[in-house]
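Below, each chain spelled out in residue letters.
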Amino acid sequence: MNKYRRGLALGALALAVFILIGVGISMRATPQPVNLTQVLTDIRDGRVTEIHLANDGQAAEVTYTDESKTRVALPAGESLTTLLTDAGIPVERWPDIYPAGNGAISADLMLLLRILTIVAVGVVIFVLFRRFGPSSIGTTPTRRGSFEPIRPGERVITFDDVAGAEEVKEEVADIVDYLRDPERFRRLGARIPRGVLLTGPPGTGKTLLTRALAGEARASFFSVSGSEFVELYVGVGASRVRELFRKAKENAPAIIFIDEIDAIGRRRGRMEQSSEYDQTLNQILVEMDGFEERTTVVVVAATNRVDILDPALLRPGRFDRKVVVDLPDRKARRAILEVHARGKPLAENVNLDELAARTTGMTGADLANVINEAAILAARDRRETITNQDLLEALDRTLAGPARNARRFSERERRVVAYHEAGHAVVAHLLPHADPVRKVSIVSRGRAGGYTMIVPDEDRGLWTRAQLSDRLAALLGGLAAEELIFGDITTGSSNDLEQTTAIATSMVQRYGMGKRFGLLSTGAGSDLQQLSPQSAYTAEQEALELVQQAHQVALDVLRAHADDLERVAQRLLEVETIDGEELETLISPPRQLPVRRPVEQALPTPLHRAPIREGRRKGSAHRVGRAIGLVASFTRDAVESLRAAKPQIDRT
Ligand SMILES: Nc1ncnc2c1ncn2[C@@H]1O[C@H](COP(=O)(O)OP(=O)(O)OP(=O)(O)O)[C@@H](O)[C@H]1O
Ligand SMILES: [Zn+2]
């Protein structure tokens, strides 16, 4: 394989040289004689004493009777003798003219040369493209797709270079330990993840983090991008994957980084997908499955579309460790700004705190860009330091830039999102059967405006009616808070409503938790597929009642705890992310709620209840939630839909 490649490279080089010569010759042949006619006339009129053909055969040197000399280029492909003969000049009289065909190049030869040149250029472009083009990884290190490990002397990136991602670093710390000292883990029979899946919006530092992981573990780093495989010929993807893994094993300990794995790791068997992706993906899975106990190679893959990944990738022994790399909150942004300001001369008046506060929703890449733009501005004005004004102007530019994907929150939108999320958090925190809140954030994660992370204490297979009711109320806490604080609701609750509808419908139609619908079960897997119009109406009414009751509960809780709602929302506006522990200190103990929940009083027979399986619930947030091991509720599209002219809520 290598020899073959080297041969190709040599061939390409030879062709390139050949082309240069070819181009050179044809270029020299083309200049049109300005005064050839004049010279020929001069020769015929006897004003010329000597004619020499230049060595390359492309020009004639003429000496006049007054001993002055001139040089005249000949038309391409024409020989001097022919020219002279055509002009009626006896060639024999000029012995210094080389016979035609010896120095000059014939027209036929020129044509051949041209064709060869064109062919050669084509071949070289093709070869170069295959070697260095986007869909290729060569043995020569290229910036992105390189199979070369980091060389000694190159600056090693460590966790110090990754700012504000403490949780993420913690989650991969054991991998660092393992790669450094695998024996320790082996002695205890510990199985370390082979594959880590990093998910998160673009520019949040997934690549950087993996490089740092390799740096910390003193492991070789190999990187490849899923999109590189997309244009390959059948079979090439798989063989490149084999080569990649072989090299990594040779250089173990090693980290293989597969960026944009969604490009090859989509759910298989779709129409639009060629089998090449399948083969590439299969090969990756085969390689990972084939890791031996002693292999110290860890594969890290990155994607921002975990929802479209082939489930086969996520199976145990493959990418079974999932790490979410989120947008940075204010504190993290401050830290990232500091990392990128390192070694840059900042003026006294620079206020990174302020800059961090103004950059909600920006990624690490955006922030790095802001600092860089500011440095450029300062350099352009020939100043020695970067001032605060530079930074603010750079911020405006970055925000206006077309490449930006992070969205800019208006102050009002931030407030809406803050109260909305605080509403979820307060209700979930206070209701006795709701699961504990682990984290509340107004930093958008992917498409969401903010999120409240609610994680069950134990993995739950069974849910009681009380738990589901409280969950409904917690889901409606966001919308209820908007009503109470702003007197109106936004489209930011659409996903919450999707989830509440799914839960309420299941409660009635599958879990026997409705009064009038009773203990019948409908839908997939049930004999009762088709509902009579009356039953359908009843089911819908009952689901609606459950939702309305939950809505009332949410409103009641928030009214009784308006001060807590306020405190949490204000804190969110300030720091953007609050963890469960801090939430505990912000919310006072549950007060007596004015309303008892009617749902609980109306329990039917509590004896036999169908098992409730968490895995059955629908909704994309749930799929994501399940995939990353938590139940998260998203304020999906909050801002986008706020801006959209046509609101989409029509259910409540
Ligand atoms: N946490 C961070 N600390 C410091 N710099 C960061 C951080 N996150 C991102 N950056 C900066 O942004 C740049 C781009 O990040 P990186 O390419 O790692 O993001 P990514 O998540 O891999 O994006 P993509 O999905 O587009 O590949 C980094 O090189 C770094 O300069
Ligand atoms: Zn919400």
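Scroll up for the structure.
Keep in mind that this is a model prediction, so the values were computed, not measured.

(A) Focus on unusual backbone geometry. That bond from alanine 252 to proline 253 is cis: its omega, 0°, falls within 30 degrees of zero. Checked against the element boundaries, proline 253 lands in the loop between helix H8 (236-250) and strand S6 (254-259). Of note in this structure, glutamate 260 is not a glycine but carries a positive phi near 50°. For glutamate 260, a relative accessible area of 34% puts it in the partly exposed group. Positive phi outside glycine occurs at glutamate 576, with the angle close to 75°. On the secondary structure map, glutamate 576 appears in the loop between helix H18 (562-575) and strand S11 (577-579). Owing to a relative accessible area of 0%, glutamate 576 belongs among the buried residues under this scheme.

(B) Local environment of helix H10 (residues 330-341). Over its 12 residues, H10 runs 16 Å from end to end, which matches the ideal 16 Å to within 8%, given 1.5 Å per residue. By the burial criterion, the buried members of H10 are Ala332, Arg333, Ile336, Leu337, Val339 and Ala341. Residues of H10 that are buried in the fold lie against helix H11 (352-357) and helix H12 (364-380). Directly after H10, the chain includes glycine 343, whose backbone phi takes a positive value near 75°.

(C) Structural view of the sheet that holds strand S8 (residues 321-324). On the basis of which strands lie adjacent, the open sheet formed by five strands has the order S5-S6-S7-S4-S8 and parallel pairing. With partners counted over all chains shown, the strands left at the sheet margins are strand S5 (220-225) and S8, one partner each. Averaged over neighbouring strand pairs, the angle between their axes works out to 20° when direction is ignored. This element, helix H7 (residues 206-217), spans strand S4 (195-199), S5, S6 and strand S7 (297-303) of the sheet and lies at about 170° to S6.

(D) Summary view of the sheet that holds strand S1 (residues 48-53). The antiparallel open sheet is built from three strands, whose spatial order is S1-S2-S3. For this open sheet the edge positions go to S1 and strand S3 (69-73), each flanked by a neighbour on one side alone. Between one strand axis and the next, the sheet turns through 20° on average, direction left out of account. As paired elements, strand S2 (residues 59-64) and S3 share five bridges and run antiparallel to each other. By the bridge assignment for S3, threonine 63 is matched with lysine 69.

What counts, and at which threshold
Residues numbered from 1 in each chain as written. Chains lettered and ligands numbered in written order. Predicted model: local features only at pLDDT ≥ 70, side-chain atom pairs only at ≥ 80, totals over all residues. Heavy atoms only, no water. Helix = DSSP H or I, 4+ residues; strand = E, 2+ residues; numbered from the N terminus. Buried < 20%, exposed > 50% of the residue type's maximum accessible area, 1.4 Å probe, protein only. Expected span 1.5 Å × (residues − 1). Contact = heavy atoms within 4.5 Å. Pairing = 2+ DSSP bridges. Axes fitted to C-alpha atoms, helices over the stretch in contact; angles between N-to-C directions.

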